[in-house]
Amino acid sequence: MEHGRSPEFTLTEDAGLRCLICPHRCLWTDSNPNGLCRVRGLALSGYGRCIGMAVDPIEKKPFAMFKPGSRLLSTGPPGCNLSCSHCQNWQSSQGAPPTVYHSPGELAELARKCSDGIAFTYTEPVVWYEYVMDTAPLVRSLGGVVVMVSNGFVNPEPLKRLISVTDAWNVDLKAWSDDFYRRNCGGNLQPVLDTLRTIAASGVHLEVTYLVIPGENDSMTEWDRAASWLAENCGENTPVHVSRYFPRYRQTRPATSVESVFSAAGVFGAHLKNVFPGNI
Ligand code: SF4
């Protein structure tokens, strides 16, 4: 799968090739050869092209209830399938960051030498489908764990395959509003809910992050609906990180107040047993 085009998720059509990894279902043609994520396309393969790399505590990903105290080699691809106005890593996800190629074997060996496994993170790892599918089993065969930090905007079939080679996911629930996803992220809510439900049902460890942005996704009603849906569909023990936003990229609203983060944590905590205020 070196070309970054797995045959099962690439459909040949008269006009070109259609990518089936995420709900955008981009059609790659001669005149428009690359996907929205800028990682996949006719003339583009982000396969193995790693942006910055660091060894991070797992708590920083964030995970609160999976392998506490472990350290993970963290990296990601040079693009993303969403375009969130508030992206905290926008230089990597929306720009053209420098990359270094590492074969799956090299990355797995690096992880073994310096950490307890790999976190595919920073940007959006589902658009790195083939690379994750090739690398994750090698990491696990060397005794490491594999975690995904994802926006959850992925189609069901590739998701199921990714789940089969990974140990834990942290998925953003960015808002309880389709309008928010369309306006701020260039996506929509339902595929993310489907992803959350699928991971929870799979038995793979799931944590969720809700970034509170003032005036965008901070109504008590919205928090209450999101929390109650999570409890009902993913289980009341699902760890949820209610996190503080800081202005980045195109979003200029002021940083979330600490009080607001604690208010949100209180509302989420009325439905869920493991709620963690973050970034405070
Ligand atoms: S993964 Fe990338 S190329 Fe494929 S459908 Fe999604 S945005 Fe388009």
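In what follows, the accompanying structure is described.

Conventions and cut-offs
Residues numbered from 1 in each chain as written. Predicted model: local features only at pLDDT ≥ 70, side-chain atom pairs only at ≥ 80, totals over all residues. Helix = DSSP H or I, 4+ residues; strand = E, 2+ residues; numbered from the N terminus. Rg over C-alpha atoms; globule rule 2.2 N^0.38 Å. Buried ≥ 20, exposed ≤ 12 C-beta atoms within 10 Å, placed from the backbone. Contact = placed C-beta atoms within 7 Å. Arc of directions from axis to C-beta. Near = placed C-beta within 6 Å. Nonpolar A, V, L, I, M, F, W, Y, C, P; charged D, E, K, R; others polar. Pairing = 2+ DSSP bridges. Axes fitted to C-alpha atoms, helices over the stretch in contact; angles between N-to-C directions. Core = buried A, V, L, I, M, F, W, Y, C linked by C-beta atoms within 7 Å. Parallel < 35°, antiparallel > 145°, perpendicular 65-115°, else oblique. Left-handed = near helix turned anticlockwise from the far one by under 90°. Expected span 1.5 Å × (residues − 1).

**Considerations on the overall build of the chain**
Scanning the chain for helices and strands turns up 8 helices and 13 strands. In terms of overall size, the chain behaves like a compact globule, its C-alpha atoms giving a radius of gyration of 18 Å where 280 residues would be expected to give roughly 19 Å. Its C-alpha atoms give the chain principal-axis dimensions of about 50 × 40 × 35 Å. Within the chain, buried positions represent 47% of all 280 residues. Residue pairs at least 24 apart in sequence account for 71% of intrachain contacts in the chain once pairs closer than 6 positions are excluded.

**What to know about helix H5 (residues 178-185)**
If you check which residues of H5 are buried, you get Tyr181, Asn184 and Cys185. What you see down the axis of H5 is that its buried residues fit within an arc of 95 degrees, all on one side. Counted as exposed and oriented over 90 degrees from the buried face of H5: Asp178, Asp179, Arg182 and Arg183. Buried residues in H5 make contact with helix H6 (189-202).

**What to know about the site of the ligand**
Surrounding the ligand, one finds Cys19, Ile21, Cys22, His24, Arg25, Cys26, Gly35, Leu36, Cys37, Arg40, Asn81 and Val127. Grouping the amino acids of the shell around the ligand by side-chain chemistry returns 7 nonpolar, 3 polar and 2 charged.

**Observations concerning the sheet that holds strand E6 (residues 71-75)**
With respect to topology, 8 strands assemble into an open sheet ordered E5-E6-E8-E9-E10-E11-E12-E13, the strand pairing being mixed. If you trace the sheet from one side to the other, it starts and ends with strand E5 (54-57) and strand E13 (275-278), each paired once. The sheet shows a mean angle of 25 degrees between the axes of neighbouring strands, taken without regard to direction.

**Overview of the sheet that holds strand E1 (residues 10-12)**
Strand order in the open sheet formed by 3 strands is E1-E2-E3, and the pairing between neighbours is antiparallel. Bordering the open sheet on either side are E1 and strand E3 (27-28), each of which pairs with just one other strand. Bridge analysis of strand E2 (residues 17-19) against E3 gives 2 bridges, and the strand direction is antiparallel. Directly across from Arg18, in E3, lies its bridge partner Leu27.

**Thoughts on the pairing of E6**
Burial of E6 is extensive: 4 of the 5 residues sit out of reach of the surface. Pairing of E6 with strand E8 (residues 117-120) involves 3 bridges; the strand directions are parallel. Across the sheet, the residue bridging to Thr75 is Phe120, located in E8.

**Considerations on the nonpolar core**
The biggest cluster of nonpolar side chains holds 74 residues, and the ones touching the most others in it are Ile118, Val147, Val242 and Phe268. At 6 residues, helix H3 (residues 129-141) tops the list of elements feeding residues into this core. Once residues lying within four places of it in the same chain are set aside, the contact partners of Ile118 are Leu72, Leu73, Leu107, Ala111, Val139, Gly144 and Val146.

**A closer look at the packing of helix H7 (residues 220-234) against helix H8 (residues 258-269)**
Where H7 contacts H8, the two axes come as close as 8 Å, and the packing angle between them is 40 degrees. Accordingly, the angle class assigned to the pair H7 and H8 is oblique. The two elements H7 and H8 cross, and the hand of that crossing is right-handed. Contacts between H7 and H8 involve Met220, Trp223, Asp224 and Ala227 from the first element and Ala264, Val267 and Phe268 from the second.

**Considerations on the environment of Gly16**
Considering the arrangement of structural elements, one finds Gly16 in the loop between E1 and E2. For Gly16, a count of 18 C-beta atoms within 10 Å puts it in the partly exposed group. Between the alpha carbons of Gly16 and Thr29 there is a distance of 4.7 Å; along the sequence they are 13 residues apart.

**Let's talk about the environment of Lys61**
Inspection of the secondary structure puts Lys61 in the loop between E5 and E6. Lys61 sits in the buried class, given 21 other C-beta atoms within 10 Å. Each C-alpha atom, one on Lys61 and one on Ala119, is 7.9 Å from the other, the two residues being 58 residues apart in sequence. Setting aside residues up to four positions removed in sequence, Lys61 forms contacts with Asp56, Ala119, Thr121, Val147, Val149 and Asn170.

**Thoughts on H7**
Over its 15 residues, H7 extends 20 Å from the first C-alpha to the last, a length consistent with the 21 Å expected when each residue adds 1.5 Å. Burial in H7 covers these residues: Trp223, Ala226, Ala227, Leu230 and Cys234. Each buried residue of H7 sits inside an arc of 95 degrees when the element is viewed along its axis, so together they form one side. Exposed side chains of H7 directed beyond 90 degrees from the buried face belong to Thr221 and Glu232.

**Focus on unusual backbone geometry**
Geometrically, the link from Lys61 to Pro62 is a cis peptide bond, its omega value of 5 degrees lying close to zero. For Pro62, the location among the structural elements is in the loop between E5 and E6. Of note, Arg38 is a non-glycine position whose phi angle comes to about 60 degrees, a positive value. Residue class for Arg38 comes out buried when judged on the 20 C-beta atoms lying within 10 Å of it. Although it is not a glycine, Tyr249 sits at a positive phi angle of roughly 55 degrees. Here Tyr249 shows up in the loop between strand E12 (240-244) and H8. For Tyr249, a count of 16 C-beta atoms within 10 Å puts it in the partly exposed group.

Purely geometric numbers; function is a separate question.
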